Amino acid sequence: MLCAVSFNRYGRLYYLDPAGFTPAVGDRVLVPTDDGPEVAECVWAPQWVDEDTSGFPKVAGLADDRDLSRDEQLRKRKAEAKVAAKKLIKAHDLPMKVVAVDHVLDQPGNGGARTTIYFTAPHRVDFRSLVRDLGATLHCRVELRQLSARDSARVQGGIGSCGRDLCCATFLTDFEPVTIRMAKDQDLPLNPLRISGACGRLMCCLKYEHPLYQQFQASAPAIGSRVTTPEGDGRVVAHSVPKDAVVVRMDADGSRCSCSRASVCAPRQAHDAHYNAE
């Protein structure tokens, strides 16, 4: 069985083995992390799945009043740290933007309370004096970590041009290289506003269908080449990769027809001619 939880509303989903517990949607559960169990909200009740779930982390239990109180204190400390960081960044006149804040409460065995502030900046920033002031203000150990544009979008989340939650904030675990060649191969407009994601970089989804386009272009006749179709001879004027077809302008009357890639592929035509002759 598997259930899904989220640490933030509309945030990334994490799948867990319920480990005998039966949380309902909206219940708070304890999720094991490197810094100890943390409270998360169940957004998908336990259900049977066909896959092997032995490798998934297990729910540590249902959150009680003490856990909820600790989670509320943690959220309050994060909010305080975010406000303090913004004020001190402005006071130090640094070109930084706070993206997210993480805080670990002081508990036995965890080395004391610490706050991690994630930020973006156009270049490397000397924030040593800022760290000292933050430590004095927040009374805990402070770490600052600079995020790339894509990591910033993953942390903040948002809605893509497709109308769905950002891929990086939901299911993508690694960022794979995306190039402008992928957009060209898919005959997409090279307008940056059309092919850029919320992070300002090329959209990750450009890579999803790119192998299909490469495979199609490797075997389909090029645009402008002459082909023989079941309806007669013509010239290829366009490709329709999702339909696995090419658009042909017929020599006879200038009309256009959509033909499957297999029907105008030279090896396929040779194969059919061979067996028809027999």
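First, a word on scope: everything that follows refers to the structure included in this document. The model shown is predicted, which means the values in this text are computed figures rather than measured ones.

**Digging into the layout of surface pockets**
The rolling of a water-molecule-sized probe over the atoms marks out the regions of remaining empty space. Computed from the structure, the largest pocket encloses a volume of approximately 1500 Å³. What lines the largest pocket is a set of 44 residues, among which Phe7, Asn8, Tyr14, Lys78 and Asp102 lie closest to the centre. Of all the elements in the fold, those that place two or more residues in the lining of the largest pocket are strand S2 (14-16), strand S4 (38-47), helix H1 (65-92), strand S6 (97-104), strand S7 (114-120), strand S8 (141-146) and helix H3 (149-156). Considered class by class, the residues forming the lining of the largest pocket number 19 nonpolar, 10 polar and 15 charged.

**As for the sheet that holds strand S11 (residues 245-250)**
Taken in spatial order, the 4 strands of this open sheet run S9-S10-S11-S12, and their pairing is antiparallel. In this open sheet, the two strands that pair with only one neighbour each are strand S9 (226-229) and strand S12 (256-260). Geometrically, the sheet is characterised by an average inter-axis angle of 50° between neighbouring strands, direction not taken into account. In terms of strand pairing, S11 meets S12 through 5 bridges, oriented antiparallel. Bridged to Ala245 within S12 is Ser260.

**Here's the deal with the state of the cysteines**
Under the definition given, this model contains 0 disulfides. In this structure Cys3 is a free cysteine whose sulfur lies 5.2 Å from that of Cys42, the closest cysteine sulfur available. You can see Cys199 has no disulfide; the closest cysteine sulfur is in Cys204, sitting 6.4 Å from it.

**Considerations on the side chain of Thr229**
Within the secondary structure, Thr229 is located in strand S9. Residue Thr229 is classed as buried on the basis of its relative accessible area of 7%. Among the polar contacts made by the side chain of Thr229, one reaches the main-chain carbonyl oxygen of Gly232 at a distance of 2.7 Å. Residues in contact with Thr229, not counting those within four places in the same chain, are Val248, Met250, Cys259 and Val264.

**Here's the deal with the side chain of Arg150**
Within the secondary structure layout, Arg150 lies in helix H3. Here Arg150 sits buried without a salt bridge, and the closest side chain of opposite charge, Asp151, lies 8.6 Å off (N-O distance). Leaving out residues up to four positions away in the same chain, Arg150 has contacts with Cys168, Phe175, Glu176, Val178, Cys199, Arg201, Leu202 and Cys204.

**Observations concerning unusual backbone geometry**
Phi angles above zero are rare outside glycine, and Ala19 is one such case at about 55°. In this structure, Ala19 sits in the loop between S2 and strand S3 (28-31). Assessed through its relative accessible area of 35%, Ala19 is described here as partly exposed. Positive phi, normally seen in glycine, also occurs at His139, with a value near 60°. Tracing the backbone through its elements, the reader meets His139 in the loop between helix H2 (128-138) and S8. Relative accessible area serves as the criterion here: at 69%, His139 is assigned to the exposed category.

**Observations regarding the pairing of strand S1 (residues 2-6)**
Of all 5 residues making up S1, 5 are buried, and the element is well covered by its neighbours. Note: S1 against S4, 4 bridges, orientation antiparallel. Following the sheet pairing, Val5 is matched in S4 by Cys42.

**Side note on a nonpolar patch on the surface**
A grouping of Leu13, Tyr15 and Val43 is seen on the molecular surface, where their side chains present a nonpolar patch of about 230 Å² in accessible area. Among the secondary structure elements, Tyr15 is positioned in strand S2. The class for Tyr15 is partly exposed, based on a relative accessible area of 36%.

**Considerations on the nonpolar core**
With 19 residues, the main nonpolar core has Met96, Ile117, Leu130, Leu134, Leu138, Val142 and Leu144 as its most contacted residues. Secondary structure elements with two or more residues in this core: H1, S6, S7, H2 and S8. Broken down by element, the residue count for this core peaks at 5 residues, all from H1. Here Leu138 is in contact with Arg77, Glu80, Ala81, Ala84 and Thr115, once residues within four sequence places are set aside. Listed in part, the 12 residues of the second largest apolar core include Phe216, Ala220, Met250 and Val264.

**Thoughts on the pattern of salt bridges**
Tallying each qualifying case throughout the model produces 10 salt bridges. We note a salt bridge from Arg226 to Asp251, for which the minimum N-O separation is 2.1 Å. Of this pair, Arg226 sits in strand S9 while Asp251 sits in the loop between S11 and S12; the two residues are 25 residues apart in sequence, bridging distant segments of the chain. Owing to a relative accessible area of 48%, Arg226 belongs among the partly exposed residues under this scheme. Among the residues examined, Asp251 registers a relative accessible area of 41% and is labelled partly exposed. Here the salt bridges share partners, and the residues they tie into one network are Arg141, Glu143 and Arg145.

Cut-off values and rules
- Residues numbered from 1 in each chain as written.
- Predicted model: local features only at pLDDT ≥ 70, side-chain atom pairs only at ≥ 80, totals over all residues.
- Heavy atoms only, no water.
- 1 Å grid on protein atoms, 1.4 Å probe; cavity = no way out; pocket = protein on both sides within 12 Å on 5 of 7 lines; lining within 4 Å.
- Points joined across faces, edges and corners; volume = space filled by probe spheres on them.
- Helix = DSSP H or I, 4+ residues; strand = E, 2+ residues; numbered from the N terminus.
- Nonpolar A, V, L, I, M, F, W, Y, C, P; charged D, E, K, R; others polar.
- Pairing = 2+ DSSP bridges.
- Axes fitted to C-alpha atoms, helices over the stretch in contact; angles between N-to-C directions.
- Disulfide = S-S within 2.5 Å.
- Buried < 20%, exposed > 50% of the residue type's maximum accessible area, 1.4 Å probe, protein only.
- Polar contact = N/O pair within 3.5 Å; in protein donor to acceptor, adjacent residues only side chain to side chain.
- Contact = heavy atoms within 4.5 Å.
- Lys, Arg positive; Asp, Glu negative; His and termini not counted.
- Salt bridge = Lys/Arg side-chain N within 4 Å of Asp/Glu carboxyl O.
- Patch = residues over 30% accessible without salt bridge, like charges linked within 9 Å, V, L, I, M, F, W, Y side chains within 5 Å.
- Areas by Shrake-Rupley, 256 points an atom, 1.4 Å probe, with all protein chains shown as cover.
- Core = buried A, V, L, I, M, F, W, Y, C linked by side-chain atoms within 4.5 Å.

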